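Working through the structure, step by step
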Amino acid sequence: MIQIYAGASALKTIQSEGFNAALFSGFLGASGGPKWFTLFGLDKYLFGEFFKDRNSPLNIMGSSAGAFRAACFGQSDPVAAITRLATDYANTVYDSQKPTPGEITEKGRVLLDNVLGEHGVHEIINNPIRKAHFVVAKSNGFVASENKLAQGVGLVSSFVRNRVNRQLLRSQYERYIFQPASSDMTISDPDEFATHITYLTPDNLKQALLASGSIPIVMAGIADIPDCPPGMYRDGGIVDYHFDIKIHNPGLVLYPHFSQTLRAGWFDKSLARPVRECNYDNIVVICPTDAFVASLPLKKIPDRKDFTELDSQTRIKVWHQVLSQSEQLADGFHEFINTQAIEKIQPISALVA
């Protein structure tokens, strides 16, 4: 039910030392909304078993849905937190047939408050082991506007620019990474988006996390996050959808991903532009097989279109079935760990080609 891919250096290390939790000092979580439901069972296994007794730092970076998952993993009981996130998100029902960005954003705030609970903010900021990092895109120009027409014009410009060259987006978007002050993770970006590091505080954590999931047009942007320059902050997946950056860590990076497709940014979703293989040299990707996806209800990974294409009762039933079936990925990974079937790992080139 799972397929594992590894960059050249990662594969060499695993072949030499076996596949074990101590190899990893980084963890990635992609954007994708409810697509991550396929990883729910695996997430619980990874942070309830695989990394359970860890005593060295694990830098966990995510954008959008991946940032929400990172916020769960940074709490003292990561399995309980990720379960709250999955259950609340799957059960989301909007009051309006066509909810406004304001209504969707308010639902997001309520979801976030429940996921974090009374102590989540403090636990994330001060966790000495599981260090959560949230990626947010500061938007400039028309894409910063809350006027739907102006924002739409800006997004069309982004789409056109990105088709020509991803680097042409640099004047419209900047990357902000919100992280604990104790983090030692650094990145380099061949596309050279301006990248800013902001330390998480009780004043900015919730706003940064909500901003990381604030999809353009669909949700309201988050303005003037504390400890950041004035401006409009939106979905981190705009810049880092599935990631095409180099992560600098002393160890390997584990990247559970919901599909066998990797795209750098949000505007690359419809393009065949691959991520750079060199950026995945020290990364291990775990993803579901095509057979697993075909076994899901509707034979596909959940996505936001389900909100409009399915009635609420059907959607909730389908999404909960996916959450249940996701346990199969945990079982598959558990078997892989126990058997150490390292020969089944494929080179990352098979995934990014």
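This is a predicted model, so every value here is computed, not measured.

Topologically, S96 is positioned in the loop between helix 4 (78–90) and helix 5 (101–116). In this structure S96 comes out as partly exposed when scored by relative accessible area, which is 34%. Polar side-chain contacts of S96 include one of 2.7 Å to the side chain of E103.

A few words now on the side chain of R69. Here R69 is to be found in helix 3 (residues 65–73). The exposure class assigned to R69 is buried, which follows from its relative accessible area of 2%.

Okay, the packing of helix 3 against helix 4 next. The N-to-C vectors of helix 3 and helix 4 enclose an angle of 145 degrees; their axes lie 7 Å apart at closest approach. Contact residues: F68, R69, C72 and F73 in helix 3; P78, A81, I82 and L85 in helix 4. Taken together, the residues of the contact of helix 3 with helix 4 sort by class into 7 nonpolar, no polar and 1 charged.

The terminal C-alpha atoms of helix 4, which comprises 13 residues, lie 18 Å apart, in line with the 18 Å expected from a rise of 1.5 Å per residue. Taken residue by residue, helix 4 has P78, A81, I82, L85, A86, Y89 and A90 as its buried positions. Projected onto a plane normal to the axis of helix 4, the buried residues spread over an arc of 155 degrees and lie on a single side.

It is worth spelling out the nonpolar core at this point. Of all hydrophobic cores here, the largest spans 103 residues; its most connected members are F19, F50, F51, M61, F134, L254 and F333. Sort the elements by how many residues they give to this core and helix 3 lands first, with 7 residues. When residues no more than four places from it in sequence are discounted, the contact partners of F50 are F19, N20, A21, F24, Y45, L254, F333 and I337. In terms of nonpolar packing, the next biggest core, distinct from the first, is built from 9 residues, L169, Y173, I238 and V239 among them.

The next thing to look at is the side chain of N204. If you trace the backbone, N204 turns up in the loop between strand 7 (195–199) and helix 8 (205–212). In terms of polar contacts, N204 uses its side chain to reach the side chain of D227, at 3.0 Å. Contacts of N204, omitting those with residues within four sequence positions, involve F178, T198, Y199, I225, P226 and D227.

Conventions and cut-offs
Residues numbered from 1 in each chain as written. Predicted model: local features only at pLDDT ≥ 70, side-chain atom pairs only at ≥ 80, totals over all residues. Heavy atoms only, no water. Helix = DSSP H or I, 4+ residues; strand = E, 2+ residues; numbered from the N terminus. Buried < 20%, exposed > 50% of the residue type's maximum accessible area, 1.4 Å probe, protein only. Polar contact = N/O pair within 3.5 Å; in protein donor to acceptor, adjacent residues only side chain to side chain. Axes fitted to C-alpha atoms, helices over the stretch in contact; angles between N-to-C directions. Contact = heavy atoms within 4.5 Å. Nonpolar A, V, L, I, M, F, W, Y, C, P; charged D, E, K, R; others polar. Expected span 1.5 Å × (residues − 1). Arc of directions from axis to C-beta. Core = buried A, V, L, I, M, F, W, Y, C linked by side-chain atoms within 4.5 Å.

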